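For reference, the chains in residue letters:
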Amino acid sequence: NAGVTQTPKFRVLKTGQSMTLLCAQDMNHEYMYWYRQDPGMGLRLIHYSVGEGTTAKGEVPDGYNVSRLKKQNFLLGLESAAPSQTSVYFCASRLRARLAAPYEQYFGPGTRLTVT
Amino acid sequence: LAKTTQPISMDSYEGQEVNITCSHNNIATNDYITWYQQFPSQGPRFIIQGYKTKVTNEVASLFIPADRKSSTLSLPRVSLSDTAVYYCLVGDKANAGKSTFGDGTTLTVKP
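What you see is a predicted model, and the numbers here were worked out from it, not measured in a lab.

A. Seen up close, the overall build of chain B. Tallying secondary structure elements over chain B gives 0 helices and 9 strands in all. In chain B, the succession of α and β elements from N to C terminus is β-β-β-β-β-β-β-β-β. In terms of overall dimensions, chain B is globule-like: its C-alpha atoms have a radius of gyration of 13 Å, near the 13 Å expected for 111 residues. Across its three principal axes, chain B shows a C-alpha extent of roughly 40 × 30 × 25 Å. For chain B, the residues scored as buried account for 50% of the 111 residues in total. Counted over contacts in chain B with a minimum sequence separation of 6, partners at least 24 positions apart contribute 55%. In chain B, which carries 10 positive and 9 negative side-chain charges, the distance between the mean positions of the two groups comes to 6 Å.

B. Quick peek at the interface of chain B and chain A. In this complex, chain B contributes 23 residues to the contact, which on the side of chain A involves 26 residues. Summing the contributions of chain B and of chain A, the shared interface buries around 1800 Å²; its carbon and sulfur component is 53%. At the surface where chain B touches chain A, the tally comes to 0 salt bridges. For the pair chain B and chain A, the interface holds 4 residue pairs in polar contact (both at pLDDT 80 or more). Elements with a minimum of two residues in the side of chain B that touches chain A: β3 (31-38), β4 (45-50) and β8 (84-92) of chain B. Top contributing element to the side of chain B that touches chain A by residue count: β3(B), with 4 residues. A per-class count over the side of chain B that touches chain A returns 8 nonpolar, 12 polar and 3 charged.

C. Spatial organisation of the sheet that holds β8(B). All names here are of chain B. Across the sheet, 5 strands lie side by side as β1-β9-β8-β3-β4; this open sheet has mixed pairing. In this open sheet, the two strands that pair with only one neighbour each are β1 (9-13) and β4. Across the sheet, the mean angle separating the axes of adjacent strands is 25 degrees when strand polarity is ignored. Examined bridge by bridge, β8 and strand β9 (residues 105-110) share 3 bridges and lie antiparallel to one another. Looking across to β9, one finds that valine 85 is bridged to threonine 106.

D. Looking closely at the state of the cysteines. All names here are of chain A. Going through the model one piece at a time under the given rule, you end up with 2 disulfides over all chains. Paired by a disulfide, cysteine 23 and cysteine 91 hold their sulfur atoms 1.8 Å apart. For the disulfide bridge between cysteine 23 and cysteine 91, the dihedral angle about the S-S bond is near -75 degrees, and by the sign convention the bridge is left-handed. Here cysteine 23 is found in strand β3 (residues 19-25), whereas its partner cysteine 91 is found in strand β9 (residues 87-94), with 68 residues between them in sequence. For the residue pair cysteine 23 and cysteine 91, the accessibility class agrees, reading buried in each case.

E. Representation of the pattern of salt bridges within the structure. A complete count under the given rule lists 4 salt bridges over all chains for this structure. Residues Asp38(A) and Arg44(A) are paired through a salt bridge, measuring 2.7 Å at the closest nitrogen-oxygen approach. On the basis of relative accessible area, Arg44(A) is assigned to the partly exposed category, the value being 31%. Note that Asp11(B) and Lys110(B) form a salt bridge whose closest N and O atoms lie 3.4 Å from each other.

F. Highlighting empty space enclosed by the protein. One pass over the full model with this rule turns up 1 cavity of 30 Å³ or more. Here the largest cavity is characterised by a volume of approximately 60 Å³. Considering the residues around the largest cavity, the lining is formed by Arg94(A), Tyr103(A), Gln105(A), Tyr32(B), Thr34(B), Tyr36(B), Gln49(B), Leu89(B), Val90(B), Gly91(B) and Ser99(B). At the level of elements, β3 and β8 of chain B are the ones that each hand at least two residues to the lining of the largest cavity.

Parameters at a glance
Residues numbered from 1 in each chain as written. Chains lettered and ligands numbered in written order. Predicted model: local features only at pLDDT ≥ 70, side-chain atom pairs only at ≥ 80, totals over all residues. Heavy atoms only, no water. Helix = DSSP H or I, 4+ residues; strand = E, 2+ residues; numbered from the N terminus. Rg over C-alpha atoms; globule rule 2.2 N^0.38 Å. Buried < 20%, exposed > 50% of the residue type's maximum accessible area, 1.4 Å probe, protein only. Contact = heavy atoms within 4.5 Å. Lys, Arg positive; Asp, Glu negative; His and termini not counted. Charge placed at Lys NZ, Arg CZ, Asp CG, Glu CD. Buried area = accessible area lost by both parts, 1.4 Å probe. Salt bridge = Lys/Arg side-chain N within 4 Å of Asp/Glu carboxyl O. Polar contact = N/O pair within 3.5 Å; in protein donor to acceptor, adjacent residues only side chain to side chain. Nonpolar A, V, L, I, M, F, W, Y, C, P; charged D, E, K, R; others polar. Pairing = 2+ DSSP bridges. Axes fitted to C-alpha atoms, helices over the stretch in contact; angles between N-to-C directions. Disulfide = S-S within 2.5 Å. 1 Å grid on protein atoms, 1.4 Å probe; cavity = no way out; pocket = protein on both sides within 12 Å on 5 of 7 lines; lining within 4 Å. Points joined across faces, edges and corners; volume = space filled by probe spheres on them.

Keep in mind that these numbers describe shape and distance, not what the molecule does.
Here it is as structure tokens:
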């Protein structure tokens, strides 16, 4: 199993450009998440999904859109990139809660995005 | 959301036991406490999770007092490779988006 993979690993954008980050998981997890992590800071939740076709806003959703057309994929879009969106983006997934079982999130390796 | 407070940084030496405490005064009845470890340029990795009393696995122990307003992650006999950032999260198992990461504790293990 590859676990959680993210594409691309690095990207440099100019202000105003758009791009889509792809997250894929092969663990049949119901829940998927997008976080951003600024230097020296913790992770902040952007959007999440509890199942195919559903998405919800997290702490910092402005400037981002997401889609979950297939259970294994979660896409994060930046319609008009801004320098404030320079960050490392992590995707994660987990199973729906099971009684008496840990509900750990599995993280991808991250995408380092720079907006100039 | 239950806010968590951790020390910003801690230093230790190889072979010592390290205890990192997290405060979560407004923890809710359905909230679990989870700890993650993050190395530079990597995503966080799950360490341990608990609801009350004590939980132990092959890498750590988690101590939770009866009032659940704090928790302590215990790492036995740390090595240089345990140098990382450790995050405490509090969240409802059934609420996918509720738990959030704080700024974590940077643990530096010295030789």
